[in-house]
Structure formats: structure tokens, C-alpha cells
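Notes for the structure review
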Amino acid sequence: MDESVSTIPTMGFNVESIQYKNLSFQAWDLGDSSDRDRIGVSQKEFELMLQEAELKNAVLLVLANKQDVKGAMTQAEVSEHLGLPSIKNRQWAIYRCVATEGTGIEEGFDWVANAIKNA
Ligand SMILES: Nc1nc2c(ncn2[C@@H]2O[C@H](COP(=O)(O)OP(=O)(O)OP(=O)(O)O)[C@@H](O)[C@H]2O)c(=O)[nH]1
Ligand SMILES: [Mg+2]
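Because the structure is predicted, anything quoted here is derived from the model rather than measured.

1. Topic: the UniProt feature "binding site: GTP" (unreviewed entry) in the protein
What UniProt calls "binding site: GTP" (unreviewed entry) maps, in this numbering, to Asn-65, Lys-66, Gln-67 and Asp-68. Note on placement: Asn-65 falls in the loop between strand 4 (60-64) and helix 2 (75-82). Not counting residues up to four positions away in its chain, the partners in contact with Asn-65 are Asp-32, Ser-33, Cys-97, Val-98 and Ala-99. With respect to the helices, strands and loops of the structure, Gln-67 is situated in the loop between strand 4 and helix 2.

Spelled out as C-alpha cells, the structure:
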């Protein structure tokens, strides 16, 4: 997987552009599943992100990473904290993953590829 890094200065968190197969994704690092202290901040950043006009028609994939870390929030917990169940105006999905083992990520990206195809 090739990736290049870029940052949007007006937003206080990291954005990366990721190329996967023939697709280009924008990825926001809002923290991870093991970081319970930060999830409140993540939720606020997430809310602002969803308000971006540019992302109005974007499909949304949340990767709940570091699922191997003891005491990490489950996928359901991450989903609740971010308020995913109340999102009705766009396609979204959440996948559990362990980036260091490479599990879950491709499944998530494949979901995006399909979601875009069917949009
Ligand atoms: N156990 C575990 N470690 C991971 C996973 N994904 C990334 N890491 C490790 O987490 C560390 C921090 O990586 P990043 O997330 O890029 O860095 P960061 O966002 O500045 O720091 P964090 O607060 O840890 O997220 C690195 O050592 C990674 O190897 C994972 O799924 N499981
Ligand atoms: Mg991190």
C-alpha cells in the first residue's frame, strides 16, 4: 500500500491520503480504540469532520484499531462514542482492526470500494 502524508492546517488532526487498488481515500487519525481518555475529543473532531461540505457525499469507514490491546474499546463502544448509529444521511461502516498484524484493514477498504460502486 502506498501512502503519502498531507495535513489540512485548519483542522487540528492528521489527514492522510491513502491509495488502495484503484481508489484514493482520505484518512483521519482520530485516536484509537485503546485511548479511552481521548475518545471525547475524537467524537468532537469527528462531528466537525462530518460537517465539512467537501465530505457531504462521502461514504464513511471507521477503523477501530488496536483491538489486540487489553482493555481497548470494542467496536460497539467506539461506534457508540462516535454516535455512528444516529448517522442516517450517509453510508457508514465500522471495522475492527489490528494494523500491526494487518487484520481488518483490507476488509474495511473493500467495503468502501463496494459502497462507492453502489452509490
Ligand atoms: N498493539 C497495537 N499497536 C499498534 C496498532 N496499530 C498501531 N500500533 C502501534 O502504535 C504506535 C503508535 O502509532 P501511531 O498510532 O502511528 O502513533 P500516534 O498516533 O502518535 O500514537 P498513539 O497514541 O499510540 O496512537 C506504533 O508503535 C504502532 O506500531 C495495533 O493495531 N495494535
Ligand atoms: Mg495513533
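Still to come is the rest of the account.
2. Concerning helix 1 (residues 39-51)
For helix 1, spanning 13 residues, the distance from its first C-alpha to its last is 18 Å, which sits close to the expected 18 Å at 1.5 Å a residue. Every buried residue of helix 1 is listed here: Ile-39, Ser-42, Glu-45, Phe-46 and Met-49. An end-on view of helix 1 places all buried positions within 115° of arc, on one side of the element. For helix 1, the exposed residues set more than 90 degrees away from the buried face come down to Lys-44, Leu-48 and Gln-51.

3. Structural notes on the site of ligand 1
Lining the immediate environment of ligand 1, one finds Asp-29, Asp-32, Asn-65, Lys-66, Asp-68, Val-69, Val-98, Ala-99 and Thr-100. With respect to ligand 1, the side chain of Lys-66 contributes an N or O atom lying 2.7 Å from an oxygen atom. Here a nitrogen atom of ligand 1 and a side-chain polar atom of Thr-100 are 3.3 Å apart. Relative to its free-state accessible area of 620 Å², ligand 1 is covered by the protein chains to the extent of 43%. Here the residues of the shell around ligand 1 are counted per class, giving three nonpolar, two polar and four charged.

4. What about helix 3 (residues 105-117)?
In a regular helix each residue adds 1.5 Å, so 13 residues correspond to 18 Å; helix 3 covers 19 Å between its end C-alpha atoms and thus fits that length. Buried within helix 3 are the following residues: Ile-105, Gly-108, Phe-109, Trp-111, Val-112 and Ala-115. One side of helix 3 holds all its buried residues, which, seen down the axis, span an arc of 150°. Of the surrounding elements, those touching the buried residues of helix 3 are strand 2 (15-20), strand 3 (23-28), strand 4 and strand 5 (92-96).

Rules and cut-offs
Each chain has its residues counted from 1, running along the sequence as written. Whichever chain is written first is A, and whichever ligand is written first is 1; the rest continue in order. Predicted model: local features are reported for residues with pLDDT of at least 70 only, side-chain atom pairs are reported and counted for 80 or more only, and whole-chain, interface and lining totals are derived from all residues. Heavy atoms throughout the structure, all of them, feed into the side-chain values; hydrogens and water do not. UniProt positions are given in the numbering used here, feature names are shortened, and annotations may be inferred rather than shown by experiment. Working definition: helices are DSSP H or I runs of at least four residues, strands are E runs of at least two. Numbering for both runs from the N terminus. Note on contacts: a residue pair qualifies if any of its non-hydrogen atoms lie within 4.5 Å across the two residues. Under the convention used throughout, the expected extent of a helix is 1.5 Å for every residue step, that is, one less than its residue count. Note on exposure labels: buried denotes an accessible area under 20% of the residue type's maximum, exposed denotes more than 50%, and partly exposed covers the range between, all computed with a 1.4 Å probe on protein chains only. Each C-beta atom gives one direction from the helix axis, and the arc is the one those directions make. Any residue with a heavy atom positioned within 4 Å of a molecule or strand is treated as near that molecule or strand. Each polar contact in these results corresponds to two N or O atoms within 3.5 Å; when the atoms are within protein, one needs to be able to donate a hydrogen and the other to accept it, and residues that are neighboring in sequence are counted only if both atoms are side-chain atoms. Per-residue and other accessible areas were derived by the Shrake-Rupley procedure at a 1.4 Å probe size, with only the shown protein chains allowed to occlude residues. Polar here means any residue other than Ala, Val, Leu, Ile, Met, Phe, Trp, Tyr, Cys and Pro, which are nonpolar, and Asp, Glu, Lys and Arg, which are charged; Gly is therefore polar.

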